[in-house]
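Below are the chains, spelled out letter by letter.
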Amino acid sequence: MALRGEGIDVECFFFQAEDGIRDYDVTGVQTCALPIYFREQGERLCVTHLSTANFPLATALLLGDRSRMTGDIRASFAKSGTAHLLAISGLHVGILAALLWLCCRVFNTSPCTTAIVIIAGVLLYAVISGGRPPVSRATVFVLIAVGGFLLKRPAVAMNTLALAAIAILAWNPSDLF
């Protein structure tokens, strides 16, 4: 309470082990339960519809949770040179946006509806996957591109990239790199 009077609402405690920072505890932060709910629903879907052998890989690729992967699976990906696929990146966001656009085209939805579906899908995925910097960069890029499409503006990749970089710098400068 004494810190709150000084304008400090959050306390963060780091516990260090011999090999570096191991754990932390944050008090005073109230997180939104909605992202946690969606992430848990995604895990439930994976558990329900996938075998126990495929579940860890699916949660790593779709949700960014690599905690359930065994050392053998990680070693197999490293040996084959595809370990980078396990990291949630902007590529995942781009693939999702492209698939959503394709589905909307197949169902012949209006351009406005297509844009809304892409925006909602990409934002939801960014929240579910934890909003890591690569995902947030790609999400901002897609949102700007779709926003330009809605405003009937021509898409210039470098301008969109520059505007996304400015938006990311304004939000959290350390997320740019």
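Residues numbered from 1 in each chain as written. Predicted model: local features only at pLDDT ≥ 70, side-chain atom pairs only at ≥ 80, totals over all residues. Heavy atoms only, no water.

A. Summary view of the environment of Asn159. Take Asn159: it is sitting in helix 8 (residues 157-171). On a C-alpha basis, the gap between Asn159 and Ala145 in space is 9.8 Å, while along the polypeptide they are 14 residues apart. (Helix = DSSP H or I, 4+ residues; strand = E, 2+ residues; numbered from the N terminus.)

B. Seen up close, the environment of Ala157. Checked against the element boundaries, Ala157 lands in helix 8. Residue class for Ala157 comes out exposed when judged on its relative accessible area of 51%. Counting along the chain gives 12 residues from Ala157 to Ala145, while the straight-line C-alpha distance between them is 8.4 Å. (Buried < 20%, exposed > 50% of the residue type's maximum accessible area, 1.4 Å probe, protein only.)

C. Just helix 8, in detail. The first and last C-alpha atoms of helix 8 sit 21 Å apart over 15 residues, in line with the 21 Å expected at 1.5 Å per residue. Buried residues of helix 8: Thr160, Ala164 and Ile168, and no others. Taken around the axis of helix 8, the buried residues stretch over an arc of 70°, which confines them to a single face. Summarising the geometry of helix 8, the exposed residues directed more than 90 degrees from the buried face are Met158, Asn159, Ile166 and Ala170. The inward-facing, buried residues of helix 8 contact helix 7 (133-150). (Expected span 1.5 Å × (residues − 1). Arc of directions from axis to C-beta. Contact = heavy atoms within 4.5 Å.)

D. Region of interest: the side chain of Ser129. In this fold, Ser129 is placed in the loop between helix 6 (111-128) and helix 7. Within the structure, the side chain of Ser129 is placed 3.4 Å from the backbone oxygen of Ala126, a separation counted as a polar contact. Once you skip the residues sitting within four places of it in the chain, Ser129 turns out to touch Arg39, Leu63, Ile88 and Val135. (Polar contact = N/O pair within 3.5 Å; in protein donor to acceptor, adjacent residues only side chain to side chain.)

E. Fine view of the side chain of Thr160. On the secondary structure map, Thr160 appears in helix 8. Among residues more than four places away in sequence, those in contact with Thr160 are Phe141, Ile144 and Ala145.

F. Geometry of the nonpolar core. Val93, Ala97, Ile118, Val122, Val135, Val142 and Val146 are the most contacted members of the largest nonpolar core, which totals 13 residues. At the level of secondary structure, the elements contributing two or more residues to this core comprise helix 5 (90-106), helix 6 and helix 7. It is helix 6 that provides the largest number of residues to this core, a total of 5 residues. What Ala97 contacts, discounting residues up to four positions off in sequence, is Ile118, Val122 and Val142. (Core = buried A, V, L, I, M, F, W, Y, C linked by side-chain atoms within 4.5 Å.)

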